[in-house]
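Here is how the chains run, residue by residue.
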Amino acid sequence: MVPDAGRVDRTRARQRTVTVLTVLAVAACYYATARLGLLQQLVRGQVTALWPSTGIAVAALLMFGLRVWPGIALGALCVNITIGPSLSYVLVIAAGNTLAPIFSVLLLRRAGFREELDRLRDALALVFLGALAGMLISSVTGVGALVASGALSTAEFWPTWSVWWTGDAIGVMVVTPFLLALRRVRPPLDAGPARWAEAAVLAVATGAVTVLVTVVVGAPLLFLVFPFLVWAAFRFERGGAACCALGVSVLAVLGAGRGTGPFAHHSLLANMITLQAFIGTAALTSLLLAAVVTERSATYREIKRLCDQLSGKVSRQEP
């Protein structure tokens with residue numbers, strides 16, 4: 001039977017329309033989050049402590065495929081063209097911002113990465129391959145372009161590169177798990193009032209303690225945030241841990257912008273290092289612990305299922 005040519009053409013046209021709209025949505029999200037990240041700029045609007053757009057880019061490539069890379073390129077170009085030293089260097093920086101998440105996703109796929117983040121190996125792959133290894137491209141390319149353009153001196157290459165690389169990597173560690181969880185994790189429909197009340201208490205307590213230690217008190221009490229991240233990972237697994245890590249990161253960035261708490265009376269570079277160390281440790285703790293808890297829960301459910309099957313077979317064989 002010959003397929004309807006008109007129907008095939010309409011299907012292909014719809015697919016192309018969906019692809020174009022997805023690319024434009026990725027570009028818009030990349031640009032919007034980049035502008036938010038630039039509120040905490042370090043060097044001429046280029047280097048930030050947390051670059052959320054890298055997390056957007058990696059998550060988009062994982063969820064929609066490599067076909068959405070033009071959206072990343074378009075978003076990176078629109079951001080950098082307003083702050084870059086010249087058009088030629090802007091193109092180089094935008095190319096690095098595009099190639100880095102593509103390289104990250106290729107590494108993750110080669111390692112057998114699963115978007116569910118329900119195994120420890122997936123969490124480790126996201127950290128070491130997706131974040132640390134993949135973001136080397138954007139940081140080397142971007143800082144190299146700034147040095148070549150004269151916006152940075154040669155002596156400033158390594159400190160600027162370290163902050164750029166860490167900011168890109170933290171963006172992947174914080175934003176990508178949140179988006180992947182947002183897509184795949186659904187709140188249980190049978191959750192009772194006690195469960196929802198616990199989630200509300202956790203959210204409010206985490207926010208209050210984070211504000212306290214990043215705005216009011218200071219660095220000696222930053223560790224008080226981590227019990228709440230552990231609570232989120234154990235009780236709410238991937239979704240809860242990702243939400244708490246993102247909330248803590250945003251509040252910490254806002255605290256650094258105000259120059260209060262642990263971010264008071266220090267140089268800008270020292271504040272960036274403190275902020276990145278705190279956010280990176282919080283993101284790593286919540287991500288890895290949630291993966292371990294999720295994997296343990298899945299193993300327990302599988303063992304229980306096998307035991308129930310075995311028990312049923314034994315019961316049927318009894319006289």
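Caption draft 1: Quick look at the packing of helix α7 (residues 157-184) against helix α9 (residues 226-258). Two elements in contact, α7 and α9, have axes whose closest approach is 9 Å; the angle formed by their N-to-C orientations is 140°. With respect to each other, α7 and α9 are oriented oblique. Like other packed secondary-structure pairs, α7 and α9 cross with a definite hand, here left-handed. Residues V174, P177, F178 and A181 of α7 form the contact with α9, whose participating residues are R238, G239, A242, C243, A245, L246 and S249. Each residue belonging to the contact of α7 with α9 can be placed in one class, and the counts come to eight nonpolar, two polar and one charged.

Caption draft 2: Representation of the side chain of S249. Checked against the element boundaries, S249 lands in helix α9. Judged by its relative accessible area of 1%, S249 falls in the buried class. Within the structure, S249 has its side chain in polar contact with the backbone oxygen of A245 (distance 2.7 Å). Here S249 is in contact with L50, V174 and I279, once residues within four sequence places are set aside.

Caption draft 3: Up close: the packing of helix α4 (residues 87-110) against helix α5 (residues 120-133). Packing of α4 against α5 brings their axes to within 8 Å, and their N-to-C directions diverge by 150°. Between α4 and α5, the crossing angle belongs to the class labelled roughly antiparallel. Every pair of crossing elements has a handedness; the one defined by α4 and α5 is right-handed. Across the interface between the two elements, F103, S104, L107 and L108 from α4 touch A125, L126, L129, G130 and A133 from α5. Here the residues of the contact of α4 with α5 are counted per class, giving seven nonpolar, two polar and no charged.

Caption draft 4: Broad picture of the pattern of salt bridges. The full count for this structure, using the stated rule, is six salt bridges. Its salt-bridge partner being D122, residue R119 comes within 2.8 Å of it at the nearest N-O pair. Judged by its relative accessible area of 1%, D122 falls in the buried class. For E198, the salt bridge identified is with R235, shortest N-O distance 2.8 Å. You can see E198 sitting in helix α8 (residues 193-216) and its partner R235 sitting in helix α9, a full 37 residues away along the chain. Ionic contacts of the salt-bridge type, sharing partners, join the residues R195, E198 and R235 into one network.

Here is what the cut-offs are and how they apply
- Residues numbered from 1 in each chain as written.
- Predicted model: local features only at pLDDT ≥ 70, side-chain atom pairs only at ≥ 80, totals over all residues.
- Heavy atoms only, no water.
- Axes fitted to C-alpha atoms, helices over the stretch in contact; angles between N-to-C directions.
- Helix = DSSP H or I, 4+ residues; strand = E, 2+ residues; numbered from the N terminus.
- Parallel < 35°, antiparallel > 145°, perpendicular 65-115°, else oblique.
- Left-handed = near helix turned anticlockwise from the far one by under 90°.
- Contact = heavy atoms within 4.5 Å.
- Nonpolar A, V, L, I, M, F, W, Y, C, P; charged D, E, K, R; others polar.
- Buried < 20%, exposed > 50% of the residue type's maximum accessible area, 1.4 Å probe, protein only.
- Polar contact = N/O pair within 3.5 Å; in protein donor to acceptor, adjacent residues only side chain to side chain.
- Salt bridge = Lys/Arg side-chain N within 4 Å of Asp/Glu carboxyl O.

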